[in-house]
Amino acid sequence: MRPSLLGTAALLLLIAAGWLTLTRAQADPAPVDPLQFSPVSWEAPPNPGYTGAFAANSRLAGLSTIPLDGAVGPEHIALGPDGYVYAAVAGGSVLRMRPDGSGREIWAQTGGRVLGFEFDREGRMIAADAMRGLVAIAAEAPHHVSVLLERMPDGEPIRFPDAVTIAPDGSIYFTDASRRFSPREHGGPFEASMLDFLEHQPTGRVLVYRPGSGVEVVADGLSFANGILMSQDGKSVFVAESGNYRVWRIDVNARGLDLRHGSSAQARVLLANLPGFPDNLMRGMDGRIWLGLAKPRTASADATASRPFLRKLALRLPRFLWPVPPAYGHVLAFDDLQDPGGAYPDTTGVLETADRLYIQSVHAEGIGWLPKARARLP
């Protein structure tokens, strides 16, 4: 079936399902007031699919797994100053373990949901907690959690802290994925992100927090501002814009940019029209920058881009009928490793060490890994 027919069929199914569930609001309530849900029309670029530089491969298939004994969603994994592996999971826990997975312990508990973190020069973990704000976790036991920032100077809440990177001067750059939907108010990070994708209002932003000096807006107008990473020279940040399938490079000295107007002298699109939703950005070795694509694009989702009414109708569907793309493992390092079978789901990023690649996921029940030799990196 041609993509256009697939899109049309999907639209018809969506309309039918929507009308059938319009009267089910009491049994299966919408996660947000439909009257306050305002999807906008946008033009999705033609999906290149898994062709060319992204031609399908199975280099990510057959991962080994480090079990987490009930913990779920190692969304972000990083090496600490002590050489141990740290992983943020659902329920607010940050796990600590040896690189082989042994000696695992709950290192800290934020009471929220850490999505991204980085260690500062004092050894503290600076984390974007989707429920609590920008937080610092002390290096020394009992690893006290302190909230650095949860509101802007005008009192506006920072609704969706997502990812963190730290500049050489100690400034903390982080993403506020959506100013519309808060994980704390809308069922969690995944549910809030789906609402933002369906509405597609470009309210995501990049913020910078300077201890002792406050917070400023670096750039606004992003459709779900996700992963962020400081460049090696400290002069710019890379930012994943999930809703528009692209990655930006933004000058660290920029302030108040509106990226709805496109590229400028201080911000340009580095990767455009990706075949999936870009998520975490992490520094690898030998100059590599790793990017996870959490989900593949779908014809049905792109087909509704210019039809906001249909996306508003989708809000009334039971959550199990939401247009969630299928599982497909895909990480790339400006290199490309994929698992079309999606055995390890929702690949959000990669931690690269001297001998392994650890794969991150927002929903997996363990940490996936493979020997670097098998990944055949250049």
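Note: the structure precedes this text.
Everything numeric in this text was worked out from a predicted model, so none of it was measured.

Trainee: Got a sec to walk through the environment of His363? Specific residues and values, please.
Mentor: If you trace the backbone, His363 turns up in the loop between strand 24 (356-361) and strand 25 (366-371). Along the backbone, His363 and Tyr344 are 19 residues apart, and their C-alpha atoms lie at a distance of 9.0 Å. If sequence neighbours within four positions are ignored, His363 has contacts with Val72, Gly73, Phe190 and Asp346. Reaching out from His363, the side chain makes a polar contact with the side chain of Asp346 at a distance of 2.5 Å.

Trainee: Can you explain the side chain of Asn280? Please cite residues and give values.
Mentor: In this structure, Asn280 sits in strand 19 (residues 276-283). A relative accessible area of 3% places Asn280 in the buried class. Side chain to side chain, Asn280 and Gln360 meet in a polar contact 2.9 Å long. Not counting residues within four places of it along the chain, the set of residues in contact with Asn280 comprises Glu75, His76, Asn226, Gly227, Trp290, Leu291, Gly292, Thr348, Gly349 and Gln360.

Trainee: Lay out unusual backbone geometry in plain terms, naming residues and giving numbers.
Mentor: The step from Ala141 to Pro142 runs through a cis peptide bond, and the omega angle for that step is 10°. With respect to the secondary-structure elements, Pro142 resides in the loop between strand 8 (133-137) and strand 9 (145-149). With a phi close to 50°, Asp69 is a non-glycine residue in the positive phi region. Along the polypeptide, Asp69 turns up in the loop between strand 1 (64-67) and strand 2 (76-79). Assessed through its relative accessible area of 65%, Asp69 is described here as exposed.

Trainee: Break down the pairing of strand 19 for me, citing the residues and quoting the values.
Mentor: Among the 8 residues of strand 19, 7 are classified as buried, and the element is accordingly described as predominantly covered. Of the strand pairs in this sheet, strand 19 and strand 20 (residues 289-296) are connected by 5 bridges, and their pairing is antiparallel. Counterpart to Leu281 in the pairing with strand 20 is Leu291. Linking strand 19 to strand 20, which pair antiparallel, is a turn of 5 residues; within it Asp286 sits at a positive phi near 55°.

Trainee: Describe the pairing of strand 6 (residues 114-119), with residues and values.
Mentor: Across the 6 residues of strand 6, 5 count as buried, placing the element largely inside the fold. In this antiparallel pair of consecutive strands, strand 6 and strand 7 (residues 125-129), the connection spans 5 residues, and Gly123 shows a positive phi of 85°.

Trainee: Break down the side chain of Glu75 for me, with residues and values.
Mentor: Its location among the elements puts Glu75 in the loop between strand 1 and strand 2. Once you skip the residues sitting within four places of it in the chain, Glu75 turns out to touch Ala88, Arg113, Leu115, Asp279, Asn280, Thr348, Gln360, Ser361 and Val362.

Trainee: Quick one: what's the story with the sheet that holds strand 18 (residues 267-271), residue by residue and with numbers?
Mentor: If you trace the 4 strands from one edge of the open sheet to the other, you get 14-15-16-18, paired in antiparallel fashion. Of all the strands in the sheet, the pair left with one neighbour each is strand 14 (225-230) and strand 18. Here the strands of the sheet are splayed against their neighbours by 30° on average, with no regard to which way each runs. Here 4 bridges tie strand 16 (residues 246-251) to strand 18, and the two strands are oriented antiparallel to one another.

What counts, and where the lines are drawn
Residues numbered from 1 in each chain as written. Predicted model: local features only at pLDDT ≥ 70, side-chain atom pairs only at ≥ 80, totals over all residues. Heavy atoms only, no water. Helix = DSSP H or I, 4+ residues; strand = E, 2+ residues; numbered from the N terminus. Contact = heavy atoms within 4.5 Å. Polar contact = N/O pair within 3.5 Å; in protein donor to acceptor, adjacent residues only side chain to side chain. Buried < 20%, exposed > 50% of the residue type's maximum accessible area, 1.4 Å probe, protein only. Pairing = 2+ DSSP bridges. Axes fitted to C-alpha atoms, helices over the stretch in contact; angles between N-to-C directions.

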